[in-house]
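Notes for the structure review
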Amino acid sequence: MYGPKVCPSLETKKITDGQLSIYDDLFKISANTHGVDWLLVSSVAFQETRFQPNAIGLGGAYSIMQFMPNTGPSFGVFPDSPPAVQIDAGMRYIDQLYNQWKHIESKEQRLKFTLASYNAGKGHVEDAVRLAEKLGYNPLVWDDNVELMIKNLSIPEYYRNPPVKYGAYRG
């Protein structure tokens, strides 16, 4: 099997009533350290890998949080990192992205930009923001504005448009 082994104390741990995963305590500890909602990051981990720390995804994404090979090392996480390191790195990355969208006043919209950046990459979201602005949409609102542009980044007439720097996005 490729990737990290689950630490011995977690190998025999079972999910009990009220738990999302065997990693809940790790999410909570990291959340307390970084001030990020543990349920939010747990939701990302569930969506990305169904809480599998050994997961390998498209483009070489790895870990329970699906770090891309160019992003993971900058957060100190590698394919063989233990779940606690993977989760903590995911917390820090989401927090960093959230702070990079601080010019968006609405917390709900800011969170949507954060999660889109985590999923698509911040560069693609910034491309969608520039396209939205150019085409008369609100670049500070995800719903029915930037969201439409991110979807359009799979269409050549949009991803070849001059404000686009990172090219096509097919996510």
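This text follows the structure it describes.
Model, not experiment: these values are computed from the prediction. (Residues numbered from 1 in each chain as written. Predicted model: local features only at pLDDT ≥ 70, side-chain atom pairs only at ≥ 80, totals over all residues. Heavy atoms only, no water.)

Some details on the overall build of the protein
Looking only at helices and strands, one finds eight helices and zero strands in the protein. Taken over C-alpha atoms, the radius of gyration comes to 17 Å for the protein, in line with the 16 Å a tight globule of 171 residues would show. C-alpha atoms of the protein, sized along the principal axes, occupy 55 × 35 × 25 Å. The proportion of buried residues among the 171 residues of the protein is 44%. (Helix = DSSP H or I, 4+ residues; strand = E, 2+ residues; numbered from the N terminus. Rg over C-alpha atoms; globule rule 2.2 N^0.38 Å. Buried < 20%, exposed > 50% of the residue type's maximum accessible area, 1.4 Å probe, protein only.)

Concerning helix H4 (residues 83-100)
In a regular helix each residue adds 1.5 Å, so 18 residues correspond to 26 Å; H4 covers 26 Å between its end C-alpha atoms and thus fits that length. Those residues of H4 that sit buried are Pro83, Gln86, Ile87, Ala89, Gly90, Met91, Tyr93, Ile94 and Leu97. Where H4 is buried, its residues touch helix H2 (24-34), helix H3 (38-49), helix H5 (107-120) and helix H6 (122-134). (Expected span 1.5 Å × (residues − 1). Contact = heavy atoms within 4.5 Å.)

Section: the packing of aromatic side chains
In the structure shown here, the tally under the stated rule is eight aromatic pairs. A network of ring pairs unites the aromatic residues Phe67, Phe75, Tyr93 and Tyr118 as a single cluster. Lying over the aromatic face of Trp101, Lys122 brings its terminal NZ or CZ to 4.7 Å of the ring centre. (Phe/Tyr/Trp six-rings, centres within 6.5 Å; stacked < 30°, edge-to-face > 60°. Lys NZ or Arg CZ within 6 Å of the ring centre and 35° of its normal.)

Observations regarding the side chain of Asp127
As for its position among the elements, Asp127 is in helix H6. At a separation of 2.4 Å, a polar atom in the side chain of Asp127 contacts the side chain of Arg130. Setting aside chain neighbours within four positions, we find Asp127 in contact with Leu153, Pro163, Val164, Lys165, Tyr166 and Gly167. (Polar contact = N/O pair within 3.5 Å; in protein donor to acceptor, adjacent residues only side chain to side chain.)

Here we look at the environment of Asn138
Looking at where Asn138 falls in the secondary structure, it is placed in the loop between H6 and helix H7 (142-152). Once residues lying within four places of it in the same chain are set aside, the contact partners of Asn138 are Asn145 and Val146.

What to know about the environment of Ile150
Following the sequence through the fold, Ile150 ends up in helix H7. Overall, Ile150 belongs to the buried group, its relative accessible area being 10%. Between the C-alpha atom of Ile150 and that of Glu126, which follows or precedes it by 24 residues, the distance is 9.3 Å.

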